4 protein chains.
Amino acid sequence: MIIVLKPGTTEEQAAAIQRRIEELGCKPLCMPGTERVVLGALGDERVLAQLRLEGHPHVESVKPILSPYKLVSREFHSHDTTVDIGGVVVGGERLVVIAGPCSVESYEQFDATARAVREAGGHALRGGAFKPRTSPYSFQGLGHEGLKILERVGAETALPTVTEVVEGADVAAVAEHANVLQIGARNMQNYRLLQAAGESGKPIVLKRGFSAELEELLLAAEYVHDRGNPNIILCERGIRTFCSATRNTLDLNAVPWLKARSHLPVIVDPSHGTGLRELVIPMARAAVACGADGLLVEVHCDPSRAWSDGQQSLYPAQFDELMRGLRPFAEAAGRSL
Amino acid sequence: MIIVLKPGTTEEQAAAIQRRIEELGCKPLCMPGTERVVLGALGDERVLAQLRLEGHPHVESVKPILSPYKLVSREFHSHDTTVDIGGVVVGGERLVVIAGPCSVESYEQFDATARAVREAGGHALRGGAFKPRTSPYSFQGLGHEGLKILERVGAETALPTVTEVVEGADVAAVAEHANVLQIGARNMQNYRLLQAAGESGKPIVLKRGFSAELEELLLAAEYVHDRGNPNIILCERGIRTFCSATRNTLDLNAVPWLKARSHLPVIVDPSHGTGLRELVIPMARAAVACGADGLLVEVHCDPSRAWSDGQQSLYPAQFDELMRGLRPFAEAAGRSL
Amino acid sequence: MIIVLKPGTTEEQAAAIQRRIEELGCKPLCMPGTERVVLGALGDERVLAQLRLEGHPHVESVKPILSPYKLVSREFHSHDTTVDIGGVVVGGERLVVIAGPCSVESYEQFDATARAVREAGGHALRGGAFKPRTSPYSFQGLGHEGLKILERVGAETALPTVTEVVEGADVAAVAEHANVLQIGARNMQNYRLLQAAGESGKPIVLKRGFSAELEELLLAAEYVHDRGNPNIILCERGIRTFCSATRNTLDLNAVPWLKARSHLPVIVDPSHGTGLRELVIPMARAAVACGADGLLVEVHCDPSRAWSDGQQSLYPAQFDELMRGLRPFAEAAGRSL
Amino acid sequence: MIIVLKPGTTEEQAAAIQRRIEELGCKPLCMPGTERVVLGALGDERVLAQLRLEGHPHVESVKPILSPYKLVSREFHSHDTTVDIGGVVVGGERLVVIAGPCSVESYEQFDATARAVREAGGHALRGGAFKPRTSPYSFQGLGHEGLKILERVGAETALPTVTEVVEGADVAAVAEHANVLQIGARNMQNYRLLQAAGESGKPIVLKRGFSAELEELLLAAEYVHDRGNPNIILCERGIRTFCSATRNTLDLNAVPWLKARSHLPVIVDPSHGTGLRELVIPMARAAVACGADGLLVEVHCDPSRAWSDGQQSLYPAQFDELMRGLRPFAEAAGRSL
């Protein structure tokens, strides 16, 4: 840990801080400069964090040297983690495409969409039963009824299922009906939910919050792992920026950055990441090219009547085109599809 | 609602959309231009939203005319709402200053800080017992123990208390010990929590999410109001931008914007809004000058040893300076303090 | 153009605005709703812009229907434009890779780097002689000396050259020594420079400003085209967001969005778009996968001693790896390399 | 300067970097940790910058300790600088209000507006003759004709004048007709223009770029000062964020942050900083409350017909209200008006 002291700090004041570092069993170092004194503190940074020097009146800034996450980092666990989601492995050689509608609207709608997904070669189904919506007047999902439809159609199509869970108290019920629990962007820092997801032991798709730093995403994953669940799939889904041409800015830089620093699989959601149907196919290709382990794509049997996210949902024929066009890119990336 | 059709849409295709508008009992209007056809739809926009035209293949964009919130809007309720928080009224003529440490750390720490707040003229106490923290390794709050300290010190100093609640399941317990429930920035779109807060009937401080649009903040408030609780205080606490000089960018534009569109009181948190102790006093003054109904300020009896947010917490003497210096600005704004 | 009037606007006031629309030879339309009156105005939007209704006291908002750019739009010119940069065609079937150091530092440095670029299969050379630098104390480029080195090495390696121009007054001199003029991100809205670049007739690489909307980039290109120069290559190079893990957020959504709306070629700069050497290769692949017509890459014969941008410059061996690894992605995208 | 080495760097590799530090006459220090080696380098940071260690293959990150600006910093020059703009002093005890239309449109328009400004108590006139506009089809200003009107009306009303200059080549001509040169947000990093402004010796209003870090603003000012011109007034005018409710997000945190770090006066433009007429008065008050030395406000004799920025221009009666309402806030801030 590097501690820059304010100009004008006396030697005694600096020495007092060094003593606090020593009291914790860590080793202080002093670099006196002409305009600022800089201290170093060697030792476990999580122990040093207890000093809470950020608030000290003589401290200008504190810079940790080590990353604050551990269980999910590559320094701790160097080889790739794979996550088995109902028989399909995410993070291995094969690219995994999870597709389906934003919301489960009815058996007919979900069944028709699921068949289209399977026929085109999709590997798993997504569909929301509990929908966090910005407005209280928007459709909030079918709830438990939706979960049952999800489970039934999953069984009938023999595809694993992914669905969102929005509250710790729901984890057990959702876990009973779906193969994978999704934690949505709005809940990436809902720590109670992360802990409950960790305790469930189920595979988790953890979506990046729409204004989360990548380090914060890894710390959210650390919450899940810390409760004993290493089955975490990170998902880049676009961030909020000034750019108004697209609903979100898909931050594909995140894919190789995360893969270099964490052993967890990383997938990309080009539907939310763009918000525009016409951009989904090119950005799906880009995601695969930069190293994503899979995709999360919105498909609807009739987007013009979708109850939510219609403008970014693919038609079945477009999803088929996506899957076909993806193959050469998957191969270029050394993957099968 | 204004519906811009894609270039190349035929008259028949446009007519089909107009028929869907009519089927809902609304009135369609057609504005054929040289390059685009534009449709208008007159009627209740929440009914029109059921058409979900965003996903329609011939629709380029949809622009609602009316705001999507209703209960919290001034159009619905033109005069200012006041919220009574344990005998102190927020939103009236008097400026209200709520102050205290980020976290309740011990009886001694909270008591010492509370006395300093009261002596300087603060009107209510803040202090967190459940702390949502980015890292699982950071101090997470004292939990129920903290609530009891909060309640005891509140009673001893005769100051109303504000504390954060992070999950719907905790609302009842927290409501028993505190006068006001705070919903933090990370939870602004935790809809289950908003609904539980709505059902509690308790006064709510609703903090703006760090990348929430102002309209999204009002929709979050609408969730609370929709469950029968009009006792909502909106809080601007800084947004996340590219600007790295400060922890957040305090968006004071939000204050007059929200006051013009909503009848709810608006307070400002200059501590999180800047992240730097030295900026708290000037930004508190600015908040009052642009019309805020109150402030939420972090004060700690010894910031150099605070367990969280030390770098933005005021020393007791600085809080005293804040209160004294605020008076002429409050008066300039036509307020008492 | 759609004009939403403020609540409370009277019929007479609305009629007065309609008369102003008619006076311009355009056709007004009125959509009276229960809470707002909405006006439509049919006709040339650039004529309608003269009304400047945004400032009118009874106007709440104005929404143009047509895009404000024309010469660079696909609606005006549907097939792809190709730009010949000294014998290499950008925007055609072949992917074009422009590579070289951030700055021309010496004949030896630029020559060594250029040979490495040519051997690995690069198609054109980049190198800055006039460097816009954030600090007045940073290296500002070799100036005219640098231009001469650029020209000499370009001739010796038979590679076309791209270099930045920072002021209208320099355009003629720079145009004499280089094949392509680059307008940098900081100058995307330097309209005098855009006009001078337009008048030069030379091929232009126009980089997106680091907080420019895509529509603003197209309007900047419109400035160049409006002066008679259609030889414009758009360049996505990352935008400034809250995300601090990377120097910029590479907005690859921009590639298919721009290609759909404009006939101009689009290239991507993964060096500035990430700021981290390790991310350049994966993001170059992603750029090609989503449809970019080429790449602009920083390579240096010895990045550890580069005078600028060393941390994002590839070593020659890495550039060779980039070129080799790119081939299957180019083929998947239906391109040759 | 703090240099964090990558994990796995050997002792010899670290020693080689230390030798390069020594060769520059600076003093290296080594802090070997369990997972990373950290080096310190003591000495002039601008000398150390020549090492360009950011690009070194064994270097993970470099953190400078000292600020990169010098002439404009308080550490260099501790007391407040005042800038005389044609007899009016900015940065002293008196708050200075500069007001006028976005563009000089005609003698009649500018004269009528200027008289309204003077009658309400404004201290200086603003008005653009050269307008940098996003679209080539928008009104670009009256040019030299506009400068003459500006000068004539300035003389007739006895108010100093401020006008924008957009290119180095124009500086001399503009300087002849106006008291103060404004460098606009789009040109904050137009370094040639900054240098020309520096050489002119005229008072400069330097507006913050709409996505400029505060440190970048100070470095832009350093460019001007470095050419011998200390007469610089910094201007916060709003930044570009995700927030779409307002045209820009006025970053008032910037005011006390800049005043603490620089001796230059700081003014605020609440017109561009909000983009909405209704927010100008409250935000002007907030700016004064947090320590601004003055305001730059758009006023127009008839905003409903303004050729640019009508929606954010005050009516003369509103400007009068602004000036009157500002007085108690100025007094609360220890200023006269």
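Sequence order as written defines residue numbering, which begins from 1 separately in each chain. Each chain gets a letter, beginning with A, and each ligand a number, beginning with 1, in the order they are written. Selection of residues for local features in this predicted model requires a pLDDT of at least 70, selection of side-chain atom pairs for listing and counting requires 80 or more, and totals for whole chains, interfaces and linings are taken over all residues. Each side-chain value is derived from all of the structure's non-hydrogen atoms; neither hydrogens nor water enter the calculation.

Remarks on the pairing of strand S14 (residues 294–298) of chain D
All names here are of chain D. Burial of S14 is extensive: five of the five residues sit out of reach of the surface. In short, DSSP must find at least two bridges between two strands for them to pair. A run of H or I in DSSP becomes a helix once it reaches four residues, and a run of E becomes a strand once it reaches two; helices and strands are each numbered from the N terminus. With five bridges joining them, strand S7 (residues 96–100) and S14 adopt parallel strand pairing. Note that in S14 the partner of Gly100 across the bridge is Glu298. The pairing of strand S13 (residues 266–268) with S14 spans two bridges and is classified as parallel. Looking at S14, one finds that Ile267 is bridged to Gly294. When the strands point away from the viewer, a crossover counts as right-handed if the route from the first strand across the helix to the second turns clockwise. Taken together, S13, helix H9 (residues 277–289) and S14 constitute a β-α-β crossover, and its handedness is right-handed. Only protein chains enter the area calculation, which uses a 1.4 Å probe; residues under 20% of their type maximum are buried, those over 50% are exposed, and those in between are partly exposed.

Side note on helix H9 (residues 277–289) of chain C
The buried fraction of H9 of chain C is high, at 11 of 13 residues. Burial in H9 of chain C covers these residues: Arg277, Leu279, Val280, Ile281, Pro282, Met283, Ala284, Ala286, Ala287, Val288 and Ala289 of chain C. Every residue pair with non-hydrogen atoms within 4.5 Å of one another is taken to be in contact. Lining the buried residues of H9 of chain C we find helix H8 (254–261), helix H9 (277–289) and helix H10 (316–332) of chain A together with strand S13 (266–268), strand S14 (294–298) and helix H10 (316–332) of chain C. Looking one or two residues past H9 of chain C, Gly291 of chain C carries a phi angle of roughly 110 degrees, positive in sign.

Quick look at the environment of Val299 of chain C
Residue and element names in this part refer to chain C. In this structure, Val299 sits in the loop between S14 and H10. The class for Val299 is buried, based on a relative accessible area of 0%. Considering only alpha carbons, one finds Val299 and Arg115, 184 residues apart in sequence, at a separation of 11 Å. Among all residues touching Val299, those that are not within four sequence positions of it are Ala99, Gly100, Pro101, Thr113, Val117, Leu314, Tyr315, Pro316 and Phe319.

Some words on the relation of the copies chain C and chain D
By a simple turn and slide, chain C fits onto chain D: the slide is 0.0 Å along the axis, the RMSD is 0.0 Å, and the turn is 180 degrees. The two molecules are tied by a two-fold rotation axis, judged by turn and shift. Taking C-alpha positions as the reference, the residue of chain C nearest the rotation axis is Ser211 of chain C, at 3.2 Å. The share of interface residues of chain C whose copies in chain D are also at the interface is 100%, consistent with both copies meeting through the same surface. Copies are brought into register by a least-squares superposition over C-alpha atoms of residues with pLDDT of at least 70 in both.

Thoughts on the interface of chain C and chain D
Listed as interface residues are 48 residues of chain C and, on the opposing side, 49 residues of chain D. Buried area is understood as the total, over both parts, of accessible area removed when two parts are fitted together, assessed with a 1.4 Å probe. Between chain C and chain D, the buried area comes to about 4100 Å², and carbon and sulfur atoms account for 46% of it. A per-residue breakdown of the area chain C buries against chain D is headed by Arg52, Tyr137 and Arg192 of chain C, which together make up 18% of the total. We define a salt bridge as a side-chain nitrogen of Lys or Arg found within 4 Å of a carboxyl oxygen belonging to Asp or Glu. Remark: the boundary between chain C and chain D carries six salt bridges. Note that Glu216 of chain C and Arg240 of chain D form a salt bridge whose closest N and O atoms lie 2.8 Å from each other. Two N or O atoms form a polar contact when they lie within 3.5 Å of each other; inside protein one atom must be a possible hydrogen donor and the other a possible acceptor, and for residues adjacent in sequence the pair counts only when both atoms belong to side chains. The interface formed by chain C and chain D contains 27 residue pairs in polar contact (both at pLDDT 80 or more). Counting residues per element, the side of chain C that touches chain D draws most heavily on helix H7 (residues 214–226) of chain C, which supplies five residues. Under the grouping applied here, Gly and all other residues not named as nonpolar or charged are polar, the nonpolar ones being Ala, Val, Leu, Ile, Met, Phe, Trp, Tyr, Cys and Pro and the charged ones Asp, Glu, Lys and Arg. In terms of residue class, the side of chain C that touches chain D is made up of 18 nonpolar, 13 polar and 17 charged.

Focus: the nonpolar core
Residues enter a nonpolar core if they are buried and are Ala, Val, Leu, Ile, Met, Phe, Trp, Tyr or Cys, with the set joined through side-chain atoms within 4.5 Å. Leu206, Leu252 and Phe319 of chain A together with Leu206, Leu252 and Phe319 of chain C are the most contacted members of the largest nonpolar core, which has 156 residues in total. Ignoring sequence-local partners within four residues, the contact set of Leu252 of chain C consists of Leu252 and Met283 of chain A together with Val268, Met283, Ala286, Ala287 and Cys290 of chain C. Core analysis: the second largest hydrophobic core is formed by 155 residues, Ile149 and Leu206 of chain B together with Ala212 and Leu250 of chain D among them.

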